[in-house]
Amino acid sequence: MKNKRFYSMLALAIICANSLLACSNDTSSVDKSTTVLNAGLELPTGFSTIKAAEGLGEARHITVTPQGDIYVKLSSAYKDKTIYYLHDNNGDGKTDVQTGFGDYVGTGITIKNGYLYASSNTEVYRYKLDAANKVIDPSKPEKIITGLIARFQHDSKSIALDNDGNIYVNIGAYSNSCQEKDRSKGSMGIMPCPILDSAGGIWKFKADKLNQTYADGIRYATGLRNVVGLDWNNSTNSLFVMQHGRDGLHDLFPDLYDTKQSAELPAECMYELKEGVNCGWPYVYYDHIQKKKIINPEYGGDGKKTTTENFIDPVAAFPGHMAPNGLLFYTGNMFPEKYKNGAFIAFHGSWNRAPEPQKGYLVAFVPFKDGKPSSDWEIFADNFAGGPEFVSPGKAKHRPCGLAQGPDGSLYVSDDSGGTIYKITYKAK
Amino acid sequence: MKKIIITILVVAFFSLYLFAQTNIKPSVNRGKIVYETYCLTCHQDDGAGVPKLNPTLSNTSYTTGDKKKLITWVLKGTTDKIAIDGKFYSNNMAPQNYLKDEEIADVLTYIRNSFGNKASAVTVAEVKAVRATVK
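To start, this report covers the structure provided alongside it. Predicted model only: the values in this text are computed from it and were never measured.

### Considering the sheet that holds strand 16 (residues 227–233) of chain A
All names here are of chain A.
Turning to step 1, where the next piece is worked out: Spatial ordering of the open sheet is given by 16-17-18-21, a layout of four strands whose pairing is antiparallel. Each having just a single partner strand, strand 16 and strand 21 (316–318) make up the two edges of the open sheet. In this sheet, adjacent strand axes meet at a mean angle of 20 degrees when their direction is disregarded.
Turning to step 2, where the next piece is worked out: In the sheet, strand 18 (residues 268–273) pairs with strand 21 via three bridges, with the strands oriented antiparallel. Bridging across to strand 21, Glu-268 finds its partner in Phe-318.

Set out below in structure tokens:
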């Protein structure tokens, strides 16, 4: 009895010391007096986290049904399956039922109008759902899109649907900056970049037509190097995407950029897309410090020259290389008013900032008003890596990747490094 | 008598080993700088790489294996997506043939003796010989 008391006091002391340490070590912009440490995550006061699932491996995107069940898409098989249905029997937030199906790895997964949509790196499938939003026949999906380009770099196909029967698919560029020799020091860009014909953009297809190929779709937006996080915004009725900006400004053009500039530039950008727009890759990048579209060095840029071409501006910009992998517009009623219609972004975390310190491994939030960001971005959930010494791609314990909203307004975050699904809830004091 | 000879042999071997080890120090030190300048962004400061993107350099069959194969790899780079010890990595490694023979010898000696690796040094002559056969 005495022993037990001693140990619980000791545990308490360790927890206190740890949270103190976490507070004093961190330099991010969140006001630390109002954050809590919960299931390993740092969150604003009033929020708490529970691990809805753990150990699923490479959990990429997720979607949650009106019944509160979770579907997870994996980019590496777990127990021979690549999609998991997770169910919570007793309502404690932790899922107790795991049913696996599907034999193709991939990233995209979402639910719309009675169907579960999921993607491999070359195809998009859909599964009919029953009234409880369970897949009726897991072994027989309909193939709706086929033959998309996947050449290793940026090969994941993220998906989003609008309210008019269309599905939008990211097809990432199989290149960093369309150099004649990819990632070779000083190699110049190909003009015009031939990749853009079949990749480096968002393609639009019908959500209910089988076996569509490139010929059946349209290139909805171009000049996007790679998009992993995207979401249909119902309040603006438009598609928003998060681009992964180019790498290696210093490594490839050391005379024009030092390592500090190369870590910070270019911005990771959020774009609102309208049909036919061009976001500028590989010709230009967005510099969030100068607030300008700068010509890439592969195309004659010097870090200052701006473009006169008709490329659109981002609606929000973030520090370089943080790798935005998930985007979600919050429409729930559980979180405080400021979160309504705002954007959550899951930043997977950087590698290309080396030798400078890495950044990301967090979920950010951007408040929106009248369809536009109403102030700067802020950190919402931090410490996925597991402490400052783990903020690196190889060491991070967890890397945020996908986002979903539960029927009660809770926020789910998937992690493709530790295979954890976090459920974040809010309770006013 | 036999014992003495064995002792002498052991001592000689050991000092030779020590000599060889201390002798690669300057090359390792120079190689570290080459690594930091041209390789670190992708393979990271601890040589651990980036999961699924850029491979680790710790105890891979390339890094500590056959030197000819290793020199060829670094000179040519690859876009062919070759499995490294059974794992695939999605990034491309550009040819590093702009580096001088000595820089390549140094950086390879460095990676073969860092990140938990222990393998013989790579010499300038070995790089020169391989470069002559690689286009």
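Additional details are given in the paragraphs that follow.
### Focus: the pairing of strand 30 (residues 421–426) of chain A
All names here are of chain A.
Turning to step 1, where the next piece is worked out: Note: strand 3 (residues 47–53) against strand 30, six bridges, orientation antiparallel. Each residue of the ladder has a partner; that of Ile-50, found in strand 30, is Lys-423.
Turning to step 2, where the next piece is worked out: Across four bridges, strand 29 (residues 411–415) lies against strand 30 in antiparallel orientation. Residue pairing across strands places Tyr-412 opposite Lys-423, the latter belonging to strand 30.

### Things to note about empty space enclosed by the protein
Turning to step 1, where the next piece is worked out: Using the criterion set out here, one finds four cavities of 30 Å³ or more in the structure.
Turning to step 2, where the next piece is worked out: If you add up the space inside the largest cavity, you get close to 750 Å³.
Turning to step 3, where the next piece is worked out: Lining the largest cavity are 43 residues, with Cys-42, His-43, Met-93, Ala-94 and Gln-96 of chain B sitting closest to its centre.
Turning to step 4, where the next piece is worked out: For the lining of the largest cavity, the elements supplying multiple residues, two or more each, are helix 2 (249–252) of chain A together with helix 1 (2–38), helix 2 (40–43), helix 3 (67–76) and helix 4 (101–112) of chain B.
Turning to step 5, where the next piece is worked out: The biggest single contributor to the lining of the largest cavity is helix 2 of chain B, with four residues.
Turning to step 6, where the next piece is worked out: Of the residues that constitute the lining of the largest cavity, the class distribution is 24 nonpolar, 14 polar and five charged.
Turning to step 7, where the next piece is worked out: Roughly 100 Å³ of internal volume is contained in the second largest cavity.
Turning to step 8, where the next piece is worked out: Gln-243, Gly-245, Val-284, Tyr-285 and Tyr-286 of chain A are the residues nearest the centre of the second largest cavity, which is lined by 15 residues in total.
Turning to step 9, where the next piece is worked out: Sorting the residues of the lining of the second largest cavity by element identifies strand 18 and strand 19 (284–287) of chain A as the ones contributing at least two each.
Turning to step 10, where the next piece is worked out: Top contributing element to the lining of the second largest cavity by residue count: strand 19 of chain A, with three residues.
Turning to step 11, where the next piece is worked out: Partitioning the lining of the second largest cavity into residue classes produces nine nonpolar, four polar and two charged.

### So, the packing of aromatic side chains
Turning to step 1, where the next piece is worked out: The full count for this structure, using the stated rule, is 37 aromatic pairs over all chains.
Turning to step 2, where the next piece is worked out: With 5.4 Å between their ring centres and 50 degrees between their planes, Tyr-71 of chain A and Tyr-85 of chain A make a pair best called tilted. Taken together, the residues span a long stretch of sequence, with Tyr-71 of chain A in strand 5 (residues 70–78) and Tyr-85 of chain A in strand 6 (residues 81–87) at a distance of 14 residues.
Turning to step 3, where the next piece is worked out: We classify Tyr-71 of chain A as buried; its relative accessible area is 1%.
Turning to step 4, where the next piece is worked out: Note on Tyr-110 of chain B and Phe-115 of chain B: the rings are 5.8 Å apart at their centroids and 80 degrees apart in plane angle, and the pair reads as edge-to-face. When sorted by exposure, Tyr-110 of chain B lands in the same class as Phe-115 of chain B, which is buried.
Turning to step 5, where the next piece is worked out: Against the face of Tyr-174 of chain A rests Arg-151 of chain A, its NZ or CZ located 4.5 Å from the ring centre.

### Looking at the interface of chain B and chain A
Turning to step 1, where the next piece is worked out: The partner chain A presents 18 residues to the 20 residues of chain B that form the contact.
Turning to step 2, where the next piece is worked out: The contact between chain B and chain A buries some 1,600 Å² in all, and 58% of this surface belongs to carbon and sulfur atoms.
Turning to step 3, where the next piece is worked out: Across the chain B-chain A interface, the total number found is two salt bridges.
Turning to step 4, where the next piece is worked out: The residue Asp-46 of chain B makes a salt bridge to Lys-395 of chain A at a minimum N-O spacing of 3.5 Å.
Turning to step 5, where the next piece is worked out: Summed over the shared surface of chain B and chain A, the result is eight residue pairs in polar contact (both at pLDDT 80 or more).
Turning to step 6, where the next piece is worked out: Put simply, the parts of the chain that give the side of chain B that touches chain A at least two residues each are helix 1 and helix 2 of chain B.
Turning to step 7, where the next piece is worked out: Here the element with the most residues in the side of chain B that touches chain A is helix 2 of chain B; it accounts for three residues.

### Quick notes on the packing of helix 3 of chain B against helix 5 (residues 124–133) of chain B
Residue and element names in this part refer to chain B.
Turning to step 1, where the next piece is worked out: As a packed pair, helix 3 and helix 5 sit with axes 10 Å apart at the nearest point and diverge in direction by 65 degrees. Here helix 3 runs over helix 5; the crossing is right-handed. Across the interface between the two elements, Lys-67, Lys-68, Ile-71, Thr-72 and Leu-75 from helix 3 touch Glu-126, Val-127, Val-130 and Arg-131 from helix 5.
Turning to step 2, where the next piece is worked out: Counted by class, the contact of helix 3 with helix 5 contains four nonpolar, one polar and four charged residues.

Quick notes on the rules
- Residues numbered from 1 in each chain as written.
- Chains lettered and ligands numbered in written order.
- Predicted model: local features only at pLDDT ≥ 70, side-chain atom pairs only at ≥ 80, totals over all residues.
- Heavy atoms only, no water.
- Pairing = 2+ DSSP bridges.
- Helix = DSSP H or I, 4+ residues; strand = E, 2+ residues; numbered from the N terminus.
- Axes fitted to C-alpha atoms, helices over the stretch in contact; angles between N-to-C directions.
- 1 Å grid on protein atoms, 1.4 Å probe; cavity = no way out; pocket = protein on both sides within 12 Å on 5 of 7 lines; lining within 4 Å.
- Points joined across faces, edges and corners; volume = space filled by probe spheres on them.
- Nonpolar A, V, L, I, M, F, W, Y, C, P; charged D, E, K, R; others polar.
- Phe/Tyr/Trp six-rings, centres within 6.5 Å; stacked < 30°, edge-to-face > 60°.
- Buried < 20%, exposed > 50% of the residue type's maximum accessible area, 1.4 Å probe, protein only.
- Lys NZ or Arg CZ within 6 Å of the ring centre and 35° of its normal.
- Contact = heavy atoms within 4.5 Å.
- Buried area = accessible area lost by both parts, 1.4 Å probe.
- Salt bridge = Lys/Arg side-chain N within 4 Å of Asp/Glu carboxyl O.
- Polar contact = N/O pair within 3.5 Å; in protein donor to acceptor, adjacent residues only side chain to side chain.
- Left-handed = near helix turned anticlockwise from the far one by under 90°.

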